[in-house]
Amino acid sequence: AAAGDAVIAGLAQLDLVARRFEIANLPNAARPALGNVSLEACSAALVAFDKQTPERRTAILDRTGVPDAYSPWKRALGLYPLTSIPFRWGVSRWEAATQEAFAQPSAALAKLWSPPPATASLLERHAPVFEIDTRTTDDRFGMPQWTADGIAIDTIAPVVFTHVAHTRFAGDSLVQLTYLLWFPARPRSGFVDLLSGTLDGLVFRITLDRDGEVMVADSIHACGCYHLFFPSSRLTARPAPDAHQEWAFSPATLPALSLGQRLRVRVAAGTHYVTGLFAAPQDTAGAQAYTLRPLDELRSLPLPGGRERRSLYGPDGLVDGSERGERFLFWPMGIASPGAMRQWGHHATAFVGRRHFDEPDLLERRFARVAGPATAKVQ
């Protein structure tokens, strides 16, 4: 019963947060119809009813689950067992190119961006230094904003968006710190480039072990593509259950961090691929500062004029206007609008196989602890 009550309370809290954003995004003309309704009071009454009504409790617990991001009918119509074969070849070529990129030196035009000084916040303490090969304004990151022509990125004041999540690993609940950068675009690399388009986002996530040290990092783009894993020496990889599927590509291991160091993430120009991971001082000389903002701020942004607001994301979790040409070829893999930027919770990260960025057992299925002092329980 206690576990059921906790699930209902957690769902109610998520609902409250979502409805606050929905109300904030209502047109001004619709606001008078709300009257003096109290969201908190309504939520409390519904939670009490759900907890006290056995039929409601059972129905809620039975229906609790996260929808899969893959479409079975698309995979069936696209002859997935056959079409996934050339896709896997393409993934293998990308992995080989990525491995080669990690062996290259830093670019001469790279700019360093560092977070604010760390206080008591874990997000500040572990925020990476970003080393970005900066050739055009598309390689500068910043704040999404609504304009008359749609979403644009204001790069005058660089900002990194943060989110705290959790994962299960070997019976423990571990903290995950997520950092998201928004770039104006991924520019074309030639006359025809199916991967280019408006907006580009880079997501970098750090998972802390039970003693507070960094256990593993991983990264995707805001479309869910290019999932990279960077395990520490505390972990060893588990074999893939099927060699054909995308499992856990690790182009590098996590560098050992000493006291007073943080991660430095190297990012390529144009593609915004992660191409290196290093240890860096907490205060990096010559770096320009960026600020940290909560990821949820993107769920309600001011429209031009400032009188009304709108989410960065559409009802389907996609960012309108960020579509890529690849969607016309990649749809047999079963993912909605492949290449489009999307909201947290909508990231399928494998074309071949099934993998989601927010799976609670994502890391546990792919890595195991190495026996030694790091496996000891923290008291």
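This is a predicted model, so every value here is computed, not measured.

## Here's the deal with the sheet that holds strand 9 (residues 228-231)
- Strand order in the open sheet formed by six strands is 9-8-7-6-5-14, and the pairing between neighbours is mixed. Among the strands making up the open sheet, the edge pair consists of strand 9 and strand 14 (291-294). Strand after strand, the sheet turns through a mean of 25° between neighbouring axes, direction not considered.
- As judged from the four bridges shared by strand 8 (residues 214-221) and strand 9, these two strands associate in the antiparallel manner. Bridge assignment links Asp218 to a residue of strand 9, and that residue is Phe229.

## Some words on helix 1 (residues 2-24)
- Here helix 1 spans 33 Å end to end across 23 residues, near enough to the 33 Å set by a 1.5 Å rise per residue.
- Listing the buried residues of helix 1 in full gives Gly4, Ile8, Ala12, Leu16 and Phe21.
- In the core, the buried residues of helix 1 are packed alongside helix 2 (39-52) and helix 3 (54-63).

## Considerations on the pattern of salt bridges
- Overall, the coordinates contain 18 salt bridges when judged by the stated rule.
- One salt bridge connects Arg135 with Asp133, and the closest N-O pair in it is separated by 3.1 Å.
- When salt bridges that share partners are traced, they join Asp172, Asp209, Arg210, Asp211, Arg234 and Arg369 into one network.

## So, unusual backbone geometry
- For Tyr226, which is not glycine, the phi torsion reads 60° and is therefore positive.
- Checked against the element boundaries, Tyr226 lands in the loop between strand 8 and strand 9.
- Owing to a relative accessible area of 18%, Tyr226 belongs among the buried residues under this scheme.
- With phi around 45°, Ser337 is a residue other than glycine that occupies positive phi space.
- Looking at the element boundaries, Ser337 is found in the loop between helix 7 (327-330) and helix 8 (362-366).

The rules behind each value
- Residues numbered from 1 in each chain as written.
- Predicted model: local features only at pLDDT ≥ 70, side-chain atom pairs only at ≥ 80, totals over all residues.
- Heavy atoms only, no water.
- Pairing = 2+ DSSP bridges.
- Helix = DSSP H or I, 4+ residues; strand = E, 2+ residues; numbered from the N terminus.
- Axes fitted to C-alpha atoms, helices over the stretch in contact; angles between N-to-C directions.
- Expected span 1.5 Å × (residues − 1).
- Buried < 20%, exposed > 50% of the residue type's maximum accessible area, 1.4 Å probe, protein only.
- Contact = heavy atoms within 4.5 Å.
- Salt bridge = Lys/Arg side-chain N within 4 Å of Asp/Glu carboxyl O.

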